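# Residue-level structural notes
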Amino acid sequence: MSGLLAGKRLLVTGVITEASIAFSVAKLAQENGAQVVLTGYGRLSLVERIARRLPQPAPIIELDVTNPEQLAGLADQVRKHVDGLDGVVHSIGFAPQSCLGGGFLDAAWEDVATALQVSTYSYKSLAMAALPLMSPGGAVVGLTFDATKAWPVYDWMGVAKAGLESVSRYLAVHLGRQGIRSNLVAAGPLRTMAAKSIPGFEQFEQAWTERSPLGWSLTDQEPAARACLALMSDWFPATTGEIVHVDGGYHVLGA
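My aim in this report is to walk through the structure given alongside it, one point at a time.

Procedures and definitions
Residues numbered from 1 in each chain as written. Predicted model: local features only at pLDDT ≥ 70, side-chain atom pairs only at ≥ 80, totals over all residues. Heavy atoms only, no water. Core = buried A, V, L, I, M, F, W, Y, C linked by side-chain atoms within 4.5 Å. Buried < 20%, exposed > 50% of the residue type's maximum accessible area, 1.4 Å probe, protein only. Contact = heavy atoms within 4.5 Å. Helix = DSSP H or I, 4+ residues; strand = E, 2+ residues; numbered from the N terminus. Pairing = 2+ DSSP bridges. Axes fitted to C-alpha atoms, helices over the stretch in contact; angles between N-to-C directions. Parallel < 35°, antiparallel > 145°, perpendicular 65-115°, else oblique. Left-handed = near helix turned anticlockwise from the far one by under 90°. Nonpolar A, V, L, I, M, F, W, Y, C, P; charged D, E, K, R; others polar. Expected span 1.5 Å × (residues − 1). Bend = angle between axes of the 7 residues up to and from the residue.

### What about the nonpolar core?
- V12, V25, L38, V185, F204 and M232 are the most contacted members of the largest nonpolar core, which has 54 residues in total.
- Not counting residues within four places of it along the chain, the set of residues in contact with V12 comprises A22, V25, V36, V37, L38, T39 and V89.
- Core analysis: the next-biggest nonpolar cluster, separate from the first, contains 28 residues, I92, Y123, L164 and L175 among them.

### With respect to helix 9 (residues 222-232)
- Those residues of helix 9 not exposed but buried are A224, A225, A227, C228, L229, L231 and M232.
- The inward-facing, buried residues of helix 9 abut strand 1 (9-12), helix 1 (21-31), strand 4 (85-90), strand 5 (134-144), strand 6 (181-187) and strand 7 (243-246).

### Details of the sheet that holds strand 2 (residues 35-40)
- The seven strands lie next to each other as 3-2-1-4-5-6-7, forming an open sheet whose pairing is parallel. With one partner strand each, in any of the chains shown, strand 3 (60-62) and strand 7 form the two edges of the open sheet. Along the sheet, successive strands turn relative to each other by an average axial angle of 20°, direction set aside.
- Summarising the sheet, strand 5 and strand 6 pair through six bridges and their orientation is parallel. Of the residues in strand 6, the one forming a bridge with V140 is S182.
- Contacts from helix 2 (residues 44-51) reach strand 2 and strand 3, with the element oriented near 165° to strand 3.
- Strand contacts of helix 5 (residues 109-130): strand 1, strand 4, strand 5 and strand 6, with the helix running at about 170° to strand 4, the strand carrying the most contacts.

### What about the environment of V88?
- In this structure, V88 sits in strand 4.
- The class for V88 is buried, based on a relative accessible area of 0%.
- Separated by 49 residues in the primary sequence, V88 and G137 have C-alpha atoms spaced 12 Å apart.
- In contact with V88, not counting residues within four places along its chain, are L11, L126, A130, M134, A139, V140, V141 and M232.

### Focus on the packing of helix 5 against helix 6 (residues 155-176)
- One can describe the packing of helix 5 onto helix 6 by two numbers: an axis separation of 9 Å at closest approach and a directional angle of 20°. By the angle between their directions, the pair helix 5 and helix 6 is classed as roughly parallel. The crossing of helix 5 and helix 6 is right-handed. On helix 6, the residues touching V112, A115, L116, S119, T120, Y123, K124 and A127 of helix 5 are W156, M157, A160, G163, L164, V167, S168, L171 and L175.
- Looking at the contact of helix 5 with helix 6 residue by residue, the class counts come to 12 nonpolar, four polar and one charged.

### What to know about helix 5
- The end-to-end C-alpha distance of helix 5, which contains 22 residues, comes to 29 Å, matching closely the 32 Å that a straight helix rising 1.5 Å per residue would cover.
- Along helix 5, the sharpest change in direction is near 55° and occurs at S122.

### Examining the packing of helix 1 against helix 9
- Contact geometry for helix 1 and helix 9: axes closest at 8 Å, N-to-C directions at 55°. With respect to each other, helix 1 and helix 9 are oriented oblique. Considering the relative orientation of helix 1 and helix 9, their crossing is right-handed. Each of I21, S24, V25, L28 and A29 in helix 1 lies in contact with helix 9, whose residues at this interface are E222, A224, A225, R226, C228, L229 and M232.
- Class assignment for the residues of the contact of helix 1 with helix 9 results in nine nonpolar, one polar and two charged.

Have a look at this one:
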């Protein structure tokens, strides 16, 4: 099979439903010639069921990014399926309900710490766990939501995404010495499982669909997925520490 990612070996996290950006990344990656290995957390049977809807079978590895033992063993688990990695997709985020929906001032540190560990620190953790499998030319790509602004109801997840964007820049510096890139895709709002967990998410939906210069579909994950694939391809060999906005142009607008 030929394609943009012909011969590439990718690790994709965060496939939960067909509506997830990660599923679209895995699907398009396979269609463009890549070998894909998935990770799942918790309900692996659900991930297995969704994975069967991909064009080709994809092995699934259990990974809790807060579990040091699983992170330490990730490289060995991946080697059972592929002999190395050319790209890693970080599509992981979680915040307790107290951290979303307008509770910014009341959220306890314990809940905030969970959000930061899972949504921010895990980007570095995943990159380091996969590093033994990667060689110069490899890429780590994560998903963010424009953290230059304070969004209604997004609260501590917005803080976590701001941290994620900073972590990616620092990884770009430190992994660049080994020829490995780190970039993020800032997608507009999509009706994913993560979005459904945010009280008041409809505020994002209305703003984007009404104001985005290019228009915006709340149910089309492909534009964001395509950006992820492009950043892992050989077409961006000298781009790192970047945030690519895939939001219909909404980020250029004023208040």
